[in-house]
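# Chains, contacts and geometry: an overview
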Amino acid sequence: MTALIEAKNLSRFYGRQCAVENVSFNLNKGEILGFLGKNGAGKTTTMQMLCGCLAPSAGQILINGIDLLDQPKQAKAALGYLPDTPPLYKDLSVHEFLHYCARLHRVPRQRCAKAVHKAEQRCGLESVRHRLINQLSKGFQQRVGIAQSILHEPDVIILDEPTVGLDPIQIQDIRQLIKQLGEQHGIILSTHILSEVQQSCSHVQIIDQGRLILTESIAGLNRLMNTERINLRTRLPVDIDTLKALDGITAVEAKSPHEYIVHFHTKAAVTDRLAACVLENQWGLEAITPLKKSMEDIFISLTSQTHT
Amino acid sequence: MIFTIARREFQSLFLSPLAWSVLAVIQFILAYLFLTQIETFMAFQSQLAQISHAPGITDIIVAPLFSNAAIILLLVTPLLTMRTLCEERRNKTLTLLLSAPLSTTDIVLGKYLSIIGLLACIVAMTGLMSLALLFGGELDFGKWFCNLLGLLLLTAAFAALGLYLSSLASHPTIAAIGSFGLLLLLWIIDWKAGLQNQSSDVLEYISMLHHFQNLQSGLLDSQDVLYFVLFCATFLILSIFRLEYERLQK
């Protein structure tokens, strides 16, 4: 089976400035790929290249095995794209607008009504279908944008920050929808909200200053995030140097005379030795808790590494 | 696909008051000018009757009516075209078209046809107005048709240039003022030659007025028709290139 999206060595320059540098990745059916990065990291540029709004300075993009640059019409037929600002004609009603989008995406005339109806249903737009887009709230406009990108049942759906401006309940709904869509399509979704990636994606890519610095499945990421630090609480102050001398421990931070954070290599099983050491020296062990590393920590540590 | 875009654009022109007000204003002004022209004709009618081979009703009323319509459309067309591509870019709706399975040619031609649709309505209404003369006289239908065709070709050329400037400009008003200035320049470019009594062939060929007047006189010359066709094609191709270039450069 060919990958839905195959991006090979993509680069993009704006004048002299390099926005995206040598980015390669694949997307398969049933995957939801989260694209993470700070503002200006190159997320939007990459997405615009993937959907043909921007030509890459170098590299190749295959969508369903069709080259996007050589045969743009055929390749784009398999794409649904929601840009960071939803592209809406505000003087149309929701229904008219979606109908027009369906026609633009070459949905056959007799199937249009059905496709529009299904998209409206999926995005919860039935109650506002005859309202003008102009009069809708930002959240509803965002939903119209999402409806527009899925109504022709494309193989690949690219969503640029789909949950911006929505209220928490709507965010839940949209995440649910994305998960549901992800079962049958391939989805790329960009965001700078880390928990969003954790909740809705199956794979993660972190991009910083135009370069991919991490490509991982969510399971792999969770493993990365596991127990690299231990919180240790004792009745008496401990001797930090003794702890540091233990095999596998990299650093010990004192939060207070009774509470410490112990850093260690992921693979070393330090807990036993740490506990034994505390008991042996009779410091009075009170609590020993593994600390989960948050995605923020990984993100910050990865992005700050590339700066140094 | 071209027609899908053209139809949607045409409909949205009529969704806002823009198209309606343009139609109303033009119709009102033309009707007023038409009446004054008829008044003039009535005043000179007795004198005209004494001249052999006197200019007929078509020359005295219909041709000036179409000339007036041309001048008004010179002012109005930039206002119609200014928003076509420029507004899409400003509202970021252009991505919808760019990411859909369409070529830039489809986009440009679709937009262009919608404007031509509205302009054709205006030309048709001008034509119908002149047909009112049939109640009291006879028309030279050959000349009438040439006037109609001339005005249509002329406005098609206006629209092509306006569309190109709309693809260049970052703000609709800039597109409007730019296309208005260029059109006016092309309109008057051979006036200077006429003043000094030394006509320049090149300037005369470039001038839109010159070709339009040739058609108005009832002379359906392929050279004049070709001028307008080439003019439209050039600016449409430039607009297509401009959109492509944007994708490459930005």
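The following refers to the structure shown. (Residues numbered from 1 in each chain as written. Chains lettered and ligands numbered in written order. Predicted model: local features only at pLDDT ≥ 70, side-chain atom pairs only at ≥ 80, totals over all residues. Heavy atoms only, no water.)

## Here we look at the pattern of salt bridges
In a structure, side chains of opposite charge can pair up when their charged atoms sit close to one another. Summed over the entire model, instances satisfying the criterion amount to 17 salt bridges over all chains. The salt bridge partner of A:E153 is A:R122, with a shortest N-O separation of 3.5 Å. Of this pair, A:E153 sits in the loop between helix 5 (138-150) and strand 7 (156-160) while A:R122 sits in helix 4 (residues 109-122), and the two are 31 residues apart along the sequence. In this structure A:E153 comes out as partly exposed when scored by relative accessible area, which is 34%. Residue class for A:R122 comes out partly exposed when judged on its relative accessible area of 24%. Here B:E246 and B:R242 are joined by a salt bridge, their closest N and O atoms 3.7 Å apart. Within this pair, B:E246 and its partner B:R242 are both found in helix 12 (residues 222-248), separated by 4 residues, close to a single helical turn. (Salt bridge = Lys/Arg side-chain N within 4 Å of Asp/Glu carboxyl O. Helix = DSSP H or I, 4+ residues; strand = E, 2+ residues; numbered from the N terminus. Buried < 20%, exposed > 50% of the residue type's maximum accessible area, 1.4 Å probe, protein only.)

## A look at the sheet that holds strand 6 (residues 79-82) of chain A
Residue and element names in this part refer to chain A. One open sheet accounts for 6 strands, arranged 6-7-8-3-9-10; its pairing is mixed. If you trace the sheet from one side to the other, it starts and ends with strand 6 and strand 10 (211-217), each paired once. The mean inter-strand angle of the sheet, taken between neighbouring strand axes irrespective of direction, is 15 degrees. Against the sheet, helix 1 (residues 43-50) engages strand 3 (32-36), strand 6, strand 7, strand 8 (186-191) and strand 9 (203-208), with an angle of about 150 degrees to strand 8. (Pairing = 2+ DSSP bridges. Axes fitted to C-alpha atoms, helices over the stretch in contact; angles between N-to-C directions. Contact = heavy atoms within 4.5 Å.)

## A closer look at the interface of chain B and chain A
With 24 residues of chain B at the interface, the matching set in chain A holds 28 residues. For the pairing of chain B and chain A, the buried interface totals around 2,500 Å² over both sides, and the portion due to carbon and sulfur atoms is 60%. When the buried area of chain B at its contact with chain A is split by residue, B:R8, B:L96 and B:P101 rank highest and sum to 28% of it. For the pair chain B and chain A, the interface holds 1 salt bridge. (Buried area = accessible area lost by both parts, 1.4 Å probe.)

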